[in-house]
4 protein chains.
Amino acid sequence: MKKTVGIIGANGYTGSELIRLLAFHPHVTLSFLYSRSNSGTSISDPYPDLTTVCEMVLTDKPEEVDILFLCLPHKESQNWLTQNPVKDETLVIDLGNDFRLEGNFENRNFIYGLPGINKKQLMGAKSIANPGCFATAIQLALLPLAEKGMLNEVFTTGITGSTGAGQSLQATTHFTWRNDNVSAYKTLTHQHVDEILKQLVSFNNKEVILNFVPWRGDFARGIFTSSTMKTDLELEEIEQLYQDFYAEEPFVTISRKAVDLKQVVNTNRCVVQIEKSGNVAVIHSAIDNLLKGASGQAIQNMNLAMSWEENAGLNLKPVAF
Amino acid sequence: MKKTVGIIGANGYTGSELIRLLAFHPHVTLSFLYSRSNSGTSISDPYPDLTTVCEMVLTDKPEEVDILFLCLPHKESQNWLTQNPVKDETLVIDLGNDFRLEGNFENRNFIYGLPGINKKQLMGAKSIANPGCFATAIQLALLPLAEKGMLNEVFTTGITGSTGAGQSLQATTHFTWRNDNVSAYKTLTHQHVDEILKQLVSFNNKEVILNFVPWRGDFARGIFTSSTMKTDLELEEIEQLYQDFYAEEPFVTISRKAVDLKQVVNTNRCVVQIEKSGNVAVIHSAIDNLLKGASGQAIQNMNLAMSWEENAGLNLKPVAF
Amino acid sequence: MKKTVGIIGANGYTGSELIRLLAFHPHVTLSFLYSRSNSGTSISDPYPDLTTVCEMVLTDKPEEVDILFLCLPHKESQNWLTQNPVKDETLVIDLGNDFRLEGNFENRNFIYGLPGINKKQLMGAKSIANPGCFATAIQLALLPLAEKGMLNEVFTTGITGSTGAGQSLQATTHFTWRNDNVSAYKTLTHQHVDEILKQLVSFNNKEVILNFVPWRGDFARGIFTSSTMKTDLELEEIEQLYQDFYAEEPFVTISRKAVDLKQVVNTNRCVVQIEKSGNVAVIHSAIDNLLKGASGQAIQNMNLAMSWEENAGLNLKPVAF
Amino acid sequence: MKKTVGIIGANGYTGSELIRLLAFHPHVTLSFLYSRSNSGTSISDPYPDLTTVCEMVLTDKPEEVDILFLCLPHKESQNWLTQNPVKDETLVIDLGNDFRLEGNFENRNFIYGLPGINKKQLMGAKSIANPGCFATAIQLALLPLAEKGMLNEVFTTGITGSTGAGQSLQATTHFTWRNDNVSAYKTLTHQHVDEILKQLVSFNNKEVILNFVPWRGDFARGIFTSSTMKTDLELEEIEQLYQDFYAEEPFVTISRKAVDLKQVVNTNRCVVQIEKSGNVAVIHSAIDNLLKGASGQAIQNMNLAMSWEENAGLNLKPVAF
């Protein structure tokens, strides 16, 4: 029998992306879409691509379900859970950043939902903190070196699509401004740095310094990052180390050829490429920020927690062009 | 047991898009990918998004299969079939324009593969001529009126993405030129006009004049068209007529709200909207030129011909953003 | 001695574009930039490209000047002039639509500022109603035929950049929505149709029907239009007629080669191309909506009114790429 | 009297951009446009934006001129000068990279044409090696620190528009591929690194390490770079140092506000912004790769060499949107 699913904050980008994935997922059925601000309207109003796919009406009355996704603005998940008690046996997956640094909350213990590092703990888990988008792209680029204790100082530049900024209208998401434009923001102070370092350090067993410069790109979907560091390892050693680390990961590919962003857009995949010159290595990674960087990874985590095939509902046609 | 599939001309855009769809189709298995010019290389070389999805090596030796897709340059399908005889029981679907105007070829009779008009003939068919991209978008916008004999003269403007021009490098597909640009081409002389009129006239039972101005757009995927005409019908009458005509079509939606191109990108859907002012009606339609306008519709036709669910392998996640 | 200039509504797109042009104009000096909502801030705050070019502080206290540009939201120019009396000898150029259909207002008589038709009246004029952007592109495409009384019914599709929608944040100017997208709006009901018909009919001396379908494009600057109509004239006759009509126009070019939008972006030019098939003609035109479609044409009108070289300050480097 | 100018390699991007600038330059007149491959055709054929601006016919017979620009593929300038002797008194400005690292060639001594460091030597010079585009953007970001001997190791990411790849058709400039895409290329091995280090080290008086990761962006014009480094200087000290260093530079601006690429597109300006967190500084710079990064800087160098106003012909209207 299919499991029931509810989405809190269903009318944002990550919420609507979950609907696109869940609508064709073999093991679940959508029970309700919750939105305080837009209850009473059909989800296909703000997202007409969902016409005929899912035209459920947004509600402000959550129901009991087997699986609950929280797609709320950062820092609102805790409030919501406090005000809307959820049964212990319900799987809760939070796409905000409320439980990424500190997973203990009331009687729940949120597992950090990066399957590349926590797959065993995620299997059967009841509480999952889904990673951030830049955090996913950068960790997947650096984890194999961290696991060997080989990370010291890293210089990373990453560029993100406009969907990363959400659906609210902002000066920096105005088409006239953003089209053909590039800009830096939150230089060295992006909120994902702490999330990244927490994981990297736990593997690396010594300090890691991450100098991260995020850029805004003039495209809607995707994140591309390049991380530069000193290392004495040979290119082939690094590649082997990455191949080994991700041997069981269906959605992470180590590429020996040039990586570009559109290789992964509209998929749940992460592609990583390593280059080396002298004693300097550069590691590129690319993901779709709304999928592997948010809703796709959330589905992957659900699959693991429910003991379903890890790629159920995630065999997505790449947009490619 | 799964049916075997071969693709002739697998390394073009429509061929690679077929692979993306067939890789996850429940009833088929890919037997071979044929390319004369690139045999010996993996399909994931030119299309790295196919890494881990399909890494078959292109061959110049076709095999016997249950289903054969021809993705050759226009006018080369006839030659290929003459030089490479295919068993009578093999389903042949041609994505070129060789059999759209004249379906009889040797001992085969190609059915025009627009399910909205030929669904019965397509069920069990062995030879299918898959429609052109603009031809699909414009016919779906006009057929319900033609069926009532209500088409006279139509003025259509359509804009297409760069994938419509194929993968060859051309001045008009150079990024520097096409980015932020719009231009007209083949004004009043586009090769799809004959294909469109053949179908429209057969329904309309009297002459139809189609003045078609195609434009090149600065995006990769999609076709958007607006067709203007005189009519005495009320808006509600036209909408009802369209709702009725497409009642059985899972991939055609009549929208009462504004249509935009991205509602259909990376899906097999066509969305149609009708507007009226005075005695003038304007009918907008939007499709993904590589899916409903090519490879997606080819899969839909295969499903019909093989008596499978019409949407098998076509529940695609819209790119949406 | 240089003439003094003031801009009312200086912090919108057309206002800021005027500043870019006036900053290097040989015969004028900027006296004040008026903005009620943003007085006290430097114009280079919202428009950092103006840093070092013009860093004047916006004021809410207009001064007496020789030349006054009104860049207010439509319908606010009349109010402003009533509340802020301007000396008779001041040249007033309104970029809104307040005086386009009816030029008489208080003791002023606004001349319609399309130099292609009103050049003599514009020379020495004290009140000028600057045309709309689509209105400019479409009139320049049709006027030579109207002058010969040869216009009957015209079917026009036009696509506009996002700057046409102004700087306010709207769902249809959100980058995530507009990127790679096309959509129709104000189908058959665009506010410029009346403005266009008023001029065309006055030339044509009989009714003209204009069926206009405007589209939103995924670029920031520019308008491209295609107008389809029946005509018995030969292509060469039409081209000659256009060459003759625009013989004295420095900013209108009749092209025998394919026209594309970027030929005119960041210039004050309009390029027109005529194509013909059977008894149907299609006339394409392209302009930069903020220049020939707004602020550039306003400078051209100022030059004419002040008896300066028509192209003073308008020898602009095309962006080209 | 106006000076005569010839352009060798006039039909490439940098050559055509020179024409756009020279057409309205107050002190020069174009004598000839040289192209071996396209002689006999009008320059307005490949560049229709030049219609009415410059319709000179390309020739394969160079003439004697006062000023000669070489816009040849890298490494062809030396050959050309050997085969086509130029009078000593002719000013030769090479936009290729033939004389950037080694300026002595036959009886000429090419001055490196970055006005920010060589202004005095450029005044009256007869031979100028115009800098590379990335080289300009990165040097302008780092020179003030180098002059104080404060550069050690720098980690730079830069993103460039498609015009940087020239007009030849390549897989990585195909619109379908590049639209919405980002990719890395020549990681740590870009040919401009040597050019940059030669200058930086001559100022810094000790080794500088530059780890440079270039990216391809999905826009046509512009370069944006971010350079990260360790430093004990306070932000205000660095800003002051930059203000002082560029006090006499009309085209370099130190911004205390966020920099974005479109602030400089279609101008000869470079905007630099400095940010600091802990002991790490990040320096952003933005230029138009075809102007400050190529043809605009070449005009600036011409102005200096000819003792004209430094900004003659360079008061360009920013595209801004």
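Now for a quick tour of the structure. (Residues numbered from 1 in each chain as written. Chains lettered and ligands numbered in written order. Predicted model: local features only at pLDDT ≥ 70, side-chain atom pairs only at ≥ 80, totals over all residues. Heavy atoms only, no water.)

What relates the pair of chain copies is a rotation about an axis plus a shift along that axis. Of the transformation placing chain B onto chain C, the axial shift is 0.0 Å and the rotation is 180 degrees, giving an RMSD of 0.0 Å. On this basis, the relationship between the two copies can be described by a two-fold rotation axis. Most of the interface of chain B is mirrored in chain C: 100% of its interface residues are interface residues there too. (Least-squares fit on C-alpha atoms with pLDDT ≥ 70 in both. Contact = heavy atoms within 4.5 Å.)

All names here are of chain B. Of all the seven residues making up strand 2 (residues 28-34), five are buried; the element is thus mostly covered by neighbouring parts of the structure. Alignment of strand 1 (residues 3-8) against strand 2, held across six bridges, turns out to be parallel. Among the inter-strand pairings, Val5 is bridged to a residue of strand 2, identified as Leu30. With helix 1 (residues 13-22) bridging strand 1 and the parallel strand 2, this β-α-β connection has right-handed handedness. (Buried < 20%, exposed > 50% of the residue type's maximum accessible area, 1.4 Å probe, protein only. Helix = DSSP H or I, 4+ residues; strand = E, 2+ residues; numbered from the N terminus. Pairing = 2+ DSSP bridges. Right-handed = clockwise from strand over helix to strand, strands pointing away.)

Quick look at a negative patch on the surface now. A contiguous patch of negative charge, built from Asp232, Glu234, Glu236 and Glu237 of chain A, is present on the exposed surface. Its place among the elements puts Glu237 of chain A in helix 7 (residues 235-245). (Patch = residues over 30% accessible without salt bridge, like charges linked within 9 Å, V, L, I, M, F, W, Y side chains within 5 Å. Areas by Shrake-Rupley, 256 points an atom, 1.4 Å probe, with all protein chains shown as cover. Salt bridge = Lys/Arg side-chain N within 4 Å of Asp/Glu carboxyl O. Lys, Arg positive; Asp, Glu negative; His and termini not counted. Charge placed at Lys NZ, Arg CZ, Asp CG, Glu CD.)

Now for the pattern of salt bridges. By the definition in use, this model includes 56 salt bridges over all chains. Across the pair Lys61 of chain B and Asp60 of chain B runs a salt bridge, and its minimum N-O distance is 3.2 Å. Here Lys61 of chain B falls in the exposed class, since its relative accessible area comes to 59%. What makes Asp60 of chain B partly exposed here is its relative accessible area of 35%. We note a salt bridge from Asp45 of chain D to Lys257 of chain C, for which the minimum N-O separation is 2.5 Å. Residue Asp45 of chain D is located in the loop between strand 2 (28-34) and strand 3 (67-70), and its partner Lys257 of chain C is located in the loop between strand 13 (252-255) and strand 14 (270-277); the two belong to separate chains. A single salt-bridge network, built from bridges that share partners, covers Glu17, Arg20, Asp49, Arg221 and Asp288 of chain A together with Lys317 of chain B.

With 36 residues of chain B at the interface, the matching set in chain C holds 36 residues. Contact with chain C buries surface across chain B, with Phe155, Trp215 and Lys262 of chain B losing the most and accounting together for 18% of the total. When the shortest N-O distance is used, the salt bridge between Glu153 of chain B and Lys230 of chain C registers 2.7 Å. Across the contact surface, chain B and chain C share 21 residue pairs in polar contact (both at pLDDT 80 or more). Contributions of two or more residues to the side of chain B that touches chain C are made by strand 9 (153-160), helix 5 (175-178), strand 10 (183-184), strand 11 (209-216), strand 12 (223-230), strand 14 (270-277) and strand 15 (280-287) of chain B. A breakdown of the residues in the side of chain B that touches chain C according to their chemical character gives 15 nonpolar, 14 polar and seven charged. (Buried area = accessible area lost by both parts, 1.4 Å probe. Polar contact = N/O pair within 3.5 Å; in protein donor to acceptor, adjacent residues only side chain to side chain. Nonpolar A, V, L, I, M, F, W, Y, C, P; charged D, E, K, R; others polar.)

Take the sheet that holds strand 12 (residues 223-230) of chain C next. Residue and element names in this part refer to chain C. With mixed pairing, seven strands are arranged side by side in an open sheet as 10-11-9-12-15-14-13. In the strand order of this sheet, the two ends are held by strand 10 (183-184) and strand 13, each with one partner. Against the sheet, helix 4 (residues 133-147) makes contact with strand 9 (153-160), strand 11 (209-216), strand 12, strand 13, strand 14 and strand 15 (280-287), and its axis sits at roughly 35 degrees relative to strand 12, the strand it touches most. (Axes fitted to C-alpha atoms, helices over the stretch in contact; angles between N-to-C directions.)

Once that is clear, we can look at the packing of helix 4 (residues 133-147) of chain D against helix 7 (residues 235-245) of chain D. For any two helices packed against each other, the geometry is given by the interaxial angle and the distance between the axes. All names here are of chain D. Relative to each other, helix 4 and helix 7 sit at 100 degrees, their axes nearing to 9 Å. Relative to helix 7, helix 4 is oriented roughly perpendicular. Here Leu140, Ala141, Leu142, Leu143, Pro144, Leu145 and Glu147 of helix 4 come into contact with helix 7, specifically with Leu241, Tyr242 and Phe245. Of the residues in the contact of helix 4 with helix 7, the class split is nine nonpolar, no polar and one charged. (Parallel < 35°, antiparallel > 145°, perpendicular 65-115°, else oblique.)

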